[in-house]
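# Structural characterization, general
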Amino acid sequence: MTPISTVVGTAVCLLRDNIDTDTIIPSREIKVVSKTGLGPSLFAAWRYLDSEKREPNPEFILNSQKYHDARILIAGENFGCGSSREHAVWALKDYGFDAVIAPSFGRIFYENCVYNGLLPVVLELQAVLGIVKQIETPGISPEVRIDLLRQHVIGPDGIEHAFEISEANKEMLSSGLDHIAVTEKYIDAIDAFREKDREKRPWAYL
Amino acid sequence: MAMTLFDKLWEDHLVAQLDDGNSLIAIDRILLHERTGAIALYGLKSKNRSVVLPKHVFCTIDHIVDTMPGRPNKARMPGGEVFIQALRDSARSAGVTLFDVDDPNQGIVHVIAPELGIALPGLSVICPDSHTCTLGALGTLTWGVGSTEAEHALATGTLRIKKPRTMKVCFDGELVPGVVAKDMMLHLIAEYSASGGSGYAVEFSGDAVSSLSMSGRMTLCNMAVEFGASTGLIGVDDRTIEYVAKRPFGVRTELQSAATNYWLQLRSGSDATFDATIRICASDIRPMVTWGTSPEHAIPLGTSVPGKKKRDQVDRDTSIDKAMNYMGVQSAKNISDFTINGAFIGSCTNGRLEDLRKAAVVLKGKRVAPGVKAICVPGSTQTKIAAESEGLDKVFLDAGFEWRESGCALCFYAGEKGFAEGDRIVSSTNRNFEGRQGPGVRTHLASPETVAASAIAGHIVSYTSGQED
């Protein structure tokens, strides 16, 4: 996984609440046992006029020229709720997104982001609305800068908005380390736990 | 100070507190299905790692398996066989148990896990599937996770996770007759939003919860994820102990009394402190149905689609308008006035034997309304066999329902021939998201009783009002 420190680029807003992972990538689009190549399936139901010919829906914001190189997605409350499908994160990454900003996220989606190098930024609603307003103002370049290490977002007006992220998630995203390898350092603790636990809860073992 | 159930389960599975604020939690059972499980096993293999406790890993084929009667060995999704074959290959190679399509133990992962005794009180269970919280109904510590986290658990027998806060959702008093577990959850989510449980492990308690059957408790916990909760759980009582006894993959006889003693302390202390508490008067709850595209868009049956006053406070968002537009419903119109074209009974929310029995009571001797495509898909092969031995299949078939093989089926659309664009479906499932049951399909979530009554009436009615008709 590529380590992340900052993400700078065009931001695009999909300011609806409860955008679920079925919407991010419909199940029918998941056709191969693979983590790659899912970008064209991103938001398929909203993005195309029909699922077969895939003619772009001109009213869907990702299809507008202004946002053709979007790297940051700004969304409403509870983004990524619903199904655990990690394909939602793989599709966003494959499309070209490196970060998602929202007031809140679905838990599993958020965790999937962390393990796949898609930076999830929980920003309070008023700050989100402020940035959105600027981005959507005609004539203003929709560029946003996210600094993971300093934990802030800077919108087009240059104002910094701080965001919270746990040390663990920050470390995972900024190091790009393999999480299994990180846990394997605790192998002795795991073995010791199991040994004691087999005595305490013998019925739990098959 | 007395501990909460969640804190007890957490403490007994805590391997290590990590410097970065996360904890390492021991995982006792890992469940996998073809849609998200094979890729976890593949990922592991590609890194030359193996499964640490293969006997504790169970796989089933439920998500995209065909559910038509006498199903062929194929997927309901065009080309979906690759997922089924990938799970077969990877499960064999990893040396873990697989319940294949023709196995009598096959079924929806969250239905078979309690049915077979794979999930037990006091165990920790993960599955790369968001409805794993269903199993919390047994006093089990559960999480739905992504495939990458499942890979980690397969390799290490642990999950890296930050401890969630605890919330008690207490349903005080008794439910009104005709109100069931599904209505309780839709009521809760409508009141407190689809992210109301975000960041919390939510324990359901109170008289109305204790009075529920195990099946009803599973419906509650199943929809904890629709409430945004980290997980859902319910304290162990005699009903739990009775339910888990003598299950095929359960506790061996010689260890039973040790297990029971352990399980009986899996309840929150009476003075345990939760980080948040919600109290709901059970008698205030009415049979519920959703009108929109989020489970929080739920209202009591027979009432009107909400207008502006129920809309979001901040003028940021056209979510409500978009939901109304997608669903083809209008503010102030009574939800019962909408004609339906489809009815679906099944899923990990409401596809268990008790759900089928309750729907059958409503359907017995009746016929679904003309123009309604009605489908019943038992949650597991064992559920189907048991239902057929009671003659429930005949009740469904005589009423004009299709009676299918077990699987997740039309809880979500995978590309097969199902409901058509614009169809209005009343469904015993858990998600009314746009396109969830097919492109342009409009889903109204409700209890199996309401689905059955509505299928007969041809519009959305409750079981009790259906009787009055």
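Anything mentioned here points back to the structure above.
Note that residues are indexed from 1 along each chain, following the sequence as it is written. Written order determines the labels here, with chains lettered from A and ligands numbered from 1. The predicted origin of the model limits local features to residues at a pLDDT of at least 70 and limits the giving and counting of side-chain atom pairs to 80 or more, whereas totals for whole chains, interfaces and linings rest on all residues. Note that water and hydrogens are dropped before the side-chain values are worked out from all heavy atoms of the structure.

This part takes up the nonpolar core. For soluble globular proteins, nonpolar side chains are generally found buried alongside one another. Take the buried Ala, Val, Leu, Ile, Met, Phe, Trp, Tyr and Cys residues and link them wherever side-chain atoms come within 4.5 Å; each set so joined is a nonpolar core. Whether a residue is buried, partly exposed or exposed follows from its accessible area with a 1.4 Å probe, protein chains only, as a fraction of its type maximum: under 20%, in between, or over 50%, in that order. Among the nonpolar cores identified, the biggest contains 172 residues, and Phe43(A), Phe79(A), Leu92(A), Ile146(A), Phe204(B) and Trp263(B) are the most heavily contacted of them. The criterion used for residue contact is that any of the two residues' heavy atoms lie within 4.5 Å. When near neighbours in sequence (up to four residues on either side) are disregarded, Phe79(A) contacts Ile19(A), Ile24(A), Phe43(A), Leu73(A), Leu92(A), Val100(A), Ala102(A), Ser104(A), Phe105(A), Gly106(A) and Phe109(A). Core analysis: the next-biggest nonpolar cluster, separate from the first, contains 42 residues, Tyr326(B), Ile340(B), Ala369(B) and Val372(B) among them.

Before going further, it helps to spend a moment on the side chain of Asp237(B). Residue and element names in this part refer to chain B. Helix and strand assignments come from DSSP, with helices taken as H or I runs of at least 4 residues and strands as E runs of at least 2, each series counted from the N terminus. Relative to the helices and strands, Asp237 resides in the loop between strand 11 (231–233) and helix 9 (238–244). Polar contact is defined as a pair of N or O atoms within 3.5 Å, subject to the rule that within protein one atom must be able to donate a hydrogen and the other to accept it, and that residues adjacent in sequence are counted only when both atoms are side-chain atoms. Engagement of the side chain of Asp237 in a polar contact is seen with the backbone nitrogen of Arg239, the distance being 3.1 Å. If we skip the residues at most four places from it in the chain, Asp237 touches Ser210, Arg217 and Arg267.

Next up on the list: the sheet that holds strand 6 (residues 124–127) of chain B. Residue and element names in this part refer to chain B. Reading across from one edge, 5-4-3-6-7 is the order of the five strands in this open sheet, with parallel pairing throughout. Lying at the two open borders of the sheet, with one neighbouring strand each, are strand 5 (97–99) and strand 7 (141–144). Ignoring strand direction, the axes of neighbouring strands in this sheet form an average angle of 20°. Both strand 4 (residues 57–60) and strand 5 contribute to a ladder of three bridges, which runs parallel. Counterpart to Phe58 in the pairing with strand 5 is Thr97. Helix 5 (residues 147–156) contacts strand 3 (29–33), strand 4 and strand 6 of the sheet and is inclined by roughly 135° relative to strand 3. Pairing between strands is defined by DSSP: at least two bridges between the two strands are required. To define axes, lines are fitted to C-alpha atoms, for helices over the stretch in contact only, and angles between the resulting N-to-C directions are given on a 0 to 180 degree scale.

Time to look at helix 3 (residues 81–94) of chain B. All names here are of chain B. Taking 1.5 Å per residue as the helical rise, helix 3 with its 14 residues ought to reach 20 Å, and the 20 Å between its terminal C-alpha atoms agrees with that figure. Within the span of helix 3, buried status applies to Phe83, Ile84, Ala86, Leu87, Arg88, Ser90 and Ala91. Each element contacted by the buried residues of helix 3 is listed here: strand 3, helix 2 (37–46), strand 4 and strand 5. Every helix has an expected span of 1.5 Å times one less than the residues it contains.

It is worth spelling out helix 5 of chain B at this point. Residue and element names in this part refer to chain B. Counting buried residues along helix 5, 10 of its 10 residues qualify, which places the element largely inside the surrounding structure. Within helix 5 the residues assigned to the buried category are Ser147, Thr148, Glu149, Ala150, Glu151, His152, Ala153, Leu154, Ala155 and Thr156. A positive backbone phi angle near 70° is found at Gly157, which sits one or two residues after helix 5.

All names here are of chain A. Residues enter a patch when their relative accessible area is above 30% and they make no salt bridge; the linking distance is 9 Å between like charges and 5 Å between nonpolar side chains (Val, Leu, Ile, Met, Phe, Trp, Tyr). Areas reported here follow the Shrake-Rupley algorithm with a probe of radius 1.4 Å; residue values treat only the protein chains shown as occluding. By convention in these notes, a salt bridge is any Lys or Arg side-chain nitrogen within 4 Å of a carboxyl oxygen on Asp or Glu. Residues scored as charged are limited to Lys and Arg (positive) and Asp and Glu (negative), so that His and the chain ends carry no count. By convention, charge coordinates are those of NZ in Lys, CZ in Arg, CG in Asp, or CD in Glu. Side chains of Asp188, Asp191, Glu195 and Glu199 sit close together on the surface and give a patch of like negative charge. Here Glu199 lies in helix 8 (residues 187–200). Glu199 gets classed as exposed once you look at its relative accessible area, which sits at 69%.

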